[in-house]
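Reading the structure
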Amino acid sequence: MDEVEEFEELRPLLFSIAYRILGSVGEAEDAVQETWLRYDGSATRPTSAKAFLATTVTRISIDVLRSARVRREEYVGPWFPEPLLSDPYQDPARTVELADSVSMAALLLLERLSPLERAVFVLREVFAFGFDEIAATVGRSEAACRQLLVRARRHMEAGRPRFAADRRERRELATRFFDALEEGDVGGLRELLTADVRLVGDGGGKTPQLARAIVGAEKVARLLGTVFPWLFRIDVSCEPHEVNGQPGAIFRDRDGGVLSIMALDVLDGRIQAIRSVANPDKLDHLGPVADAWSVDREVKRARREGS
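In this report, the structure presented in the accompanying data block is examined. Computed from a predicted model, the values in this text were never measured in an experiment. (Residues numbered from 1 in each chain as written. Predicted model: local features only at pLDDT ≥ 70, side-chain atom pairs only at ≥ 80, totals over all residues. Heavy atoms only, no water.)

Helix and strand counts for the protein stand at twelve helices and six strands. Computed over C-alpha atoms, the radius of gyration of the protein comes to 21 Å, within 12% of the 19 Å expected from 2.2 N^0.38 for 307 residues, which places it in the range of a compact globule. Dimensions of the protein, computed from C-alpha atoms along their principal axes, come out at roughly 70 × 35 × 35 Å. In the protein, which comprises 307 residues, the share counted as buried stands at 51%. Sequence separation of 24 or more characterises 67% of the internal contacts of the protein that already satisfy a separation of 6 or more. (Helix = DSSP H or I, 4+ residues; strand = E, 2+ residues; numbered from the N terminus. Rg over C-alpha atoms; globule rule 2.2 N^0.38 Å. Buried < 20%, exposed > 50% of the residue type's maximum accessible area, 1.4 Å probe, protein only. Contact = heavy atoms within 4.5 Å.)

It is worth spelling out helix H9 (residues 167-183) at this point. With 17 residues, H9 extends 24 Å from end C-alpha to end C-alpha; this agrees with the ideal 24 Å at 1.5 Å per step. Those residues of H9 that sit buried are Arg170, Leu173, Ala174, Phe177, Phe178, Ala180 and Leu181. Seen end-on, H9 carries its buried residues on one side only, within an arc spanning 160 degrees. Of the exposed residues in H9, the ones pointing more than 90 degrees away from its buried face are Arg168, Arg171 and Glu183. Directly after H9, the chain includes glycine 184, whose backbone phi takes a positive value near 70 degrees. (Expected span 1.5 Å × (residues − 1). Arc of directions from axis to C-beta.)

This paragraph deals with the nonpolar core. Within the largest apolar cluster, 48 residues are counted, with the highest numbers of intra-cluster contacts made by Ile17, Tyr19 and Phe127. Taken together, the elements giving at least two residues each to this core come down to helix H1 (3-22), helix H2 (25-41), helix H3 (49-73), helix H5 (104-110), helix H6 (115-126), helix H7 (131-138) and helix H8 (142-159). For this core, the leading source of residues is H1, giving ten residues. Once residues lying within four places of it in the same chain are set aside, the contact partners of phenylalanine 127 are Leu13, Ser16, Ile17, Arg20, Tyr89, Arg94, Leu98 and Val122. Core analysis: the next-biggest nonpolar cluster, separate from the first, contains 36 residues, Phe177, Phe178, Leu199 and Phe228 among them. (Core = buried A, V, L, I, M, F, W, Y, C linked by side-chain atoms within 4.5 Å.)

Moving on to the packing of aromatic side chains. The full count for this structure, using the stated rule, is nine aromatic pairs. Geometrically, the ring pair formed by phenylalanine 15 and tyrosine 19 is stacked, given 6.0 Å between the ring centres and 15 degrees between the ring planes. On the criterion of helical spacing, the pair formed by phenylalanine 15 and tyrosine 19 is a turn pair, its members being four residues apart in helix H1. Of the two residues, phenylalanine 15 and tyrosine 19, both sit in the buried class. Where phenylalanine 228 meets phenylalanine 251, the ring centres are 5.3 Å apart and the plane angle is 50 degrees; that geometry is what we call tilted. In this pair, phenylalanine 228 sits in helix H11 (residues 217-233) while phenylalanine 251 sits in strand S4 (residues 248-252), placing the two residues 23 residues apart along the sequence. (Phe/Tyr/Trp six-rings, centres within 6.5 Å; stacked < 30°, edge-to-face > 60°.)

When the charged atoms of two side chains lie near each other, side chains of opposite charge can form a pair. Across all of its chains, the model carries 21 salt bridges by this definition. Residue glutamate 218 pairs with arginine 190 through a salt bridge whose shortest N-O separation is 2.7 Å. Here glutamate 218 is found in helix H11, whereas its partner arginine 190 is found in helix H10 (residues 186-191), with 28 residues between them in sequence. With a shortest N-O distance of 2.8 Å, arginine 254 and glutamate 298 are connected by a salt bridge. Taken together, the residues span a long stretch of sequence, with arginine 254 in the loop between S4 and strand S5 (258-267) and glutamate 298 in helix H12 (residues 292-306) at a distance of 44 residues. The partly exposed category is assigned to arginine 254, whose relative accessible area is 45%. What you see here is one network of salt bridges that share partners, running through Glu27, Arg71, Arg72, Glu111 and Arg118. (Salt bridge = Lys/Arg side-chain N within 4 Å of Asp/Glu carboxyl O.)

For H2, with 17 residues, the first-to-last C-alpha span of 24 Å sits near the 24 Å given by 1.5 Å per residue. When H2 is considered as a whole, its buried residues turn out to be Val25, Glu27, Ala28, Ala31, Val32, Thr35, Trp36 and Tyr39. The N-cap of H2, judged by a side-chain oxygen 3.1 Å from the amide nitrogen of glutamate 27 a few residues on, is serine 24. (Polar contact = N/O pair within 3.5 Å; in protein donor to acceptor, adjacent residues only side chain to side chain.)

This part takes up the layout of surface pockets. In this structure, the largest pocket occupies an estimated 600 Å³ of space. Along its surface, the largest pocket is lined by 22 residues, and Pro208, Gln209, Val227, Phe228 and Leu231 are the ones closest to its centre. Only H11, S5 and H12 provide two or more residues apiece to the lining of the largest pocket. A class-by-class count of the residues in the lining of the largest pocket yields 15 nonpolar, four polar and three charged. (1 Å grid on protein atoms, 1.4 Å probe; cavity = no way out; pocket = protein on both sides within 12 Å on 5 of 7 lines; lining within 4 Å. Points joined across faces, edges and corners; volume = space filled by probe spheres on them. Nonpolar A, V, L, I, M, F, W, Y, C, P; charged D, E, K, R; others polar.)

With respect to the element layout, arginine 275 can be found in strand S6 (residues 270-277). When sequence neighbours within four positions are dropped, the list of residues in contact with arginine 275 reads Phe80, Met104, Ala105, Leu108, Val200, Ile261, Met262, Ala263 and Asp265.

Printed below as a string of structure tokens:
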């Protein structure tokens with residue numbers, strides 16, 4: 001294969017590494033593009049294209065993450081990763097690790113780690129790189145990388161998400177949830193939620209969004225059952241779709257613009273967390289973005305006229 005073919009074959013892996021380190025689709029794509037530029041501009045062809053490219057994209061991602069941390073500290077409201085609808089990298093031998101590591105819950109846990117810990121954890125636990133490869137990638141000794149992994153595991157184990165193993169069960173639960181959402185069935189919604197369910201939204205201060213997390217089945221069911229039927233009345237549509245490896249949906253305005261993404265965490269047959277991403281900066285990779293403020297005004301007008 002020539003350089004272009006080698007790179008394109010490895011692009012899914014490179015993106016998947018970068019996305020798990022950065023939690024951003026746009027930044028991951030930029031890291032992959034910068035990796036190509038360095039590969040293409042290299043005076044000599046590396047012995048292993050995979051090793052060279054994985055090392056390069058990881059180092060770029062670590063540098064980007066260090067600067068991104070400052071921006072995230074100044075972020076308005078809760079910060080969630082940019083939603084990923086499908087992971088381009090697939091490995092039948094690591095299906096579970098890949099799916100769990102890309103969930104919103106797992107990516108939020110990864111935010112607790114230092115950039116180096118995060119990179120080591122991703123390369124070892126998710127993609128099964130050897131410690132010799134990881135050491136060369138991050139510029140630390142193998143012993144140091146093992147210590148970084150121990151610390152990373154400790155942080156991750158403290159809050160590691162536990163999801164239902166049966167994907168069909170999760171899909172069926174999600175179908176019931178979104179049906180009840182559309183019908184405004186508060187009782188039906190309540191039955192599908194854990195007692196301590198959390199509803200949290202990421203609008204980045206750029207869209208109408210929850211000011212704080214809503215906790216508890218009764219409060220969450222009533223809020224959802226009150227708000228969403230009005231959205232559907234003004235032709236907002238709900239498109240069930242896997243989001244970050246978990247059941248979820250894309251909400252669109254009547255013109256097809258993306259209004260928000262909702263992701264569900266399912267545990268023991270109930271929904272334990274509902275995360276909504278409405279910040280338009282985190283949705284534009286999915287296509288045209290809806291004007292959330294215009295939708296909000298239309299909902300308020302419809303409620304006034306319907307009361």
